[in-house]
Amino acid sequence: MIEYYDVSGCYILRPWSYAIWEVIKGWLDAQFKKLGVQNCYFPIFVSKNVLEMEKTHIADFAPEVAWVTKSGDSDLAEPIAVRPTSETVMYPAYAKWVQSYRDLPIKLNQWNNVVRWEFKHPQPFLRTREFLWQEGHTAYSDPKEAEEEVMNILDLYTKVYTDLLAIPVVRGRKTEKEKFAGADYTTTVEAFVSASGRGIQGATSHHLGQSFSKMFNIVYEDPDSQEKKYVYQNSWGMTTRTIGVMIMVHADDQGLVLPPKVACMQVVIVPCGITAKMGDDDKANLIEACTKLEEELRKQQIRVKGDYRDNYSPGWKFNHWELKGVPIRIEVGPRDVQQGNIVAVRRDNREKLIIKSSEATTTIVTMLTKIQEDMLSRAAKELNDHKKICKDWTDFCLQLEQKNIILAPFCGDIPCEDQIKKDSAREDAADSGAPSMGAKSLCIPFDQPQAVEPNDKCIHPSCNRKPKHYVLFGRSY
Ligand code: 86X
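No experiment lies behind these values; they were computed from the predicted model shown.

Calculation rules
Residues numbered from 1 in each chain as written. Predicted model: local features only at pLDDT ≥ 70, side-chain atom pairs only at ≥ 80, totals over all residues. Heavy atoms only, no water. Helix = DSSP H or I, 4+ residues; strand = E, 2+ residues; numbered from the N terminus. Buried < 20%, exposed > 50% of the residue type's maximum accessible area, 1.4 Å probe, protein only. Contact = heavy atoms within 4.5 Å. Areas by Shrake-Rupley, 256 points an atom, 1.4 Å probe, with all protein chains shown as cover. Lys, Arg positive; Asp, Glu negative; His and termini not counted. Charge placed at Lys NZ, Arg CZ, Asp CG, Glu CD. Pairing = 2+ DSSP bridges. Axes fitted to C-alpha atoms, helices over the stretch in contact; angles between N-to-C directions. Near = heavy atom within 4 Å. Polar contact = N/O pair within 3.5 Å; in protein donor to acceptor, adjacent residues only side chain to side chain. Nonpolar A, V, L, I, M, F, W, Y, C, P; charged D, E, K, R; others polar. Phe/Tyr/Trp six-rings, centres within 6.5 Å; stacked < 30°, edge-to-face > 60°. Lys NZ or Arg CZ within 6 Å of the ring centre and 35° of its normal. Arc of directions from axis to C-beta. Left-handed = near helix turned anticlockwise from the far one by under 90°.

S.K.: Which parts of the structure should I look at to understand the overall build of the protein?
M.R.: The helix and strand inventory of the protein stands at 14 helices and 23 strands. Seen through its principal axes, the protein has C-alpha atoms that stretch 85 × 55 × 50 Å. For the protein, the proportion of its 477 residues judged to be buried stands at 49%. Of all intrachain contacts in the protein linking residues separated by at least 6 positions in sequence, the fraction that spans at least 24 positions is 68%. As displayed, the protein has an accessible area near 23000 Å², and 51% of this comes from carbon and sulfur atoms. Charge centroids of the protein, computed over 61 positive and 65 negative side chains, lie 2 Å from each other.

S.K.: How do you make sense of the sheet that holds strand E16 (residues 304-306) when you look at a structure like this?
M.R.: Backbone hydrogen bonds are what pair the strands of a sheet, in a parallel or an antiparallel way. Spatially, five strands are ordered E16-E15-E17-E18-E19 in an open sheet, and the strand pairing comes out mixed. What marks the edges here is a single partner per strand, and that holds for E16 and strand E19 (352-356). Within this sheet the neighbouring strands show an average axis-to-axis angle of 25 degrees, counted without direction. Sheet strands in contact with helix H8 (residues 280-299) are strand E15 (267-271), E16, strand E17 (328-332) and strand E18 (341-346), and its direction is about 170 degrees off that of E15. Contacting E15, E17, E18 and E19, helix H11 (residues 360-385) crosses the sheet at an angle of about 10 degrees to E18.

S.K.: I keep staring at the site of the ligand and nothing clicks. Help me out?
M.R.: Around the ligand, a shell composed of 17 residues is seen, among which Phe61, Thr85, Glu87, Arg116 and His206 lie nearest. Between the ligand and His206, the relevant distance is 2.7 Å, taken from an oxygen atom to a side-chain nitrogen or oxygen of the residue. Coverage of the ligand by the protein chains reaches 94% of its 510 Å² of free accessible surface. Taken together, the elements giving at least two residues each to the shell around the ligand come down to helix H3 (55-61), strand E8 (130-140), strand E11 (198-209) and strand E14 (232-239). For the shell around the ligand, the class distribution of residues is seven nonpolar, six polar and four charged.

S.K.: What is the right way to look at the packing of aromatic side chains in this model?
M.R.: To describe a pair of aromatic rings, one takes the distance between the centres and the angle between the planes. Tallying each qualifying case throughout the model produces 17 aromatic pairs. Here the aromatic rings of Phe396 and Phe473 are separated by 5.6 Å at their centres, their planes lie at 70 degrees, and the arrangement is edge-to-face. In this pair, Phe396 sits in helix H12 (residues 393-401) while Phe473 sits in strand E23 (residues 469-474), placing the two residues 77 residues apart along the sequence. According to the relative accessible area criterion, Phe473 is buried, its value standing at 0%. Here a set of aromatic residues connected by ring pairs shows up, and it is made of Phe42, Tyr91, Tyr94, Trp97, Phe180, Phe212 and Phe216. Across the ring face of Tyr477, the terminal group of Arg198 is positioned such that the distance to the ring centre comes to 4.0 Å.

S.K.: Sorry, what's going on with helix H13 (residues 414-423) here?
M.R.: The periodicity of an α-helix, 3.6 residues per turn, causes residues three or four positions apart to be oriented the same way. Those residues of H13 that fall on the buried side of the exposure criterion are Cys416, Glu417 and Ile420. The buried residues of H13 occupy one face: seen down the axis, they fall within an arc of 100 degrees.

S.K.: When you look at the packing of helix H1 (residues 15-34) against helix H5 (residues 143-164) in this model, what are you seeing that I'm missing?
M.R.: A pair of packed helices is captured by two measures, namely the crossing angle of their axes and the spacing between those axes. At a closest axis distance of 11 Å, the pairing of H1 and H5 adopts a crossing angle of 145 degrees. Along this stretch, H1 crosses H5, giving a crossing that reads as right-handed. For the pair H1 and H5, the contacting residues are Val23, Ile24, Trp27, Leu28, Gln31 and Phe32 in the first and Ile153, Leu156, Tyr157, Lys159, Val160 and Leu164 in the second. Per-class residue counts for the contact of H1 with H5 are 10 nonpolar, one polar and one charged.

Shown next, in the form of structure tokens:
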């Protein structure tokens, strides 16, 4: 999926992974357009002046900003930043474009790269210094309309996970501590990786309210009162991290397991039983049976490839395509051809099926659908089995150690959340190798497990504030 590169934190996305991004992009892009969002492209560079217009929360991010300071040997007059996100690039233009209420709403998106010079250890897909994403930035006169969009976009992100990647998510709002500082509120989809017992943010959709319009002076004249009105804004993004989430949720000890909807190869055909003493005619017959099958499947829009290489054994090919996660392998041998059969093997559960050649296409289509469904069900079961309700701090820490994520009553206070993180970190990290970091809040689920009762206490033992809701906590990426 990736190749390593000699700049730390940067990776080459090879076709096998980039194809997944293309499926996500193709689907999301069509949905954005249905919501009236248009694509555009803003420059990658940000002047020092403009970047610092957003001083308040830029301060937190400043160490991650990458700067261009030279061209050839000469210093630039002013260093130029590489975008870590495009608020400061886009909003000065929005201020120019908005004069009247008739100029609203503005609904723009860009599919681009951003650079964040992180110092935590890099990880392919999950933490890379350059990554691909889409960033949507919209502006409205009506806050209700803006807030509706926040949820519409979150619905699309949810569908990318459930319908394309076969990954269940928990939808919710970020706590005060975890929300984007520039936003009124941040909504999120959170996934769960059972292998590590950690949560991972899947995408985010913010309602920015008027904070940025006030900073960047994005105003229009109210048609009734002639007063200056600040616009209401949203921003939302999904990144190539989604691919990393997909890998971790579905992979097993034999390697990748690709959900059929995003797999660039859904079926591989491997001719089998070719021996040294086999006649040329028999060999040609076998290959012909395979190519015929390939064409039939392709006619039904199945993404299929025959592996006819003669320098690898069938066994080697089985391993190879298994490692790469191809959802279905079809084996065709001379005896199968004679009997009018093929053998199909599912990557996700290793189930082996003998199928009549005449029914190959319909059966394979059904199988692909079934694989997609089963992968989601399996992941949903993992999430469900590892989501525990805790009202007691000792139990909270115990559940965390057992690779679970936890729903607990929480007061919402930032210092209290800091304490929870600190006090749930394991001290004896050195010997075990398991993650020792403390629990973060993942989100305040929209779908609350139960009502907070009058005598419920906030999960942190030293907290006396009333809990507001159940909050999902866990170790996270
Ligand atoms: C926050 C906010 C927002 C558009 C999204 O989450 C979706 C798409 N943007 C991004 N954020 C920063 O503002 C930021 C700023 C700087 Cl200068 C930085 F170096 C890193 C950042 N990371 C996140």
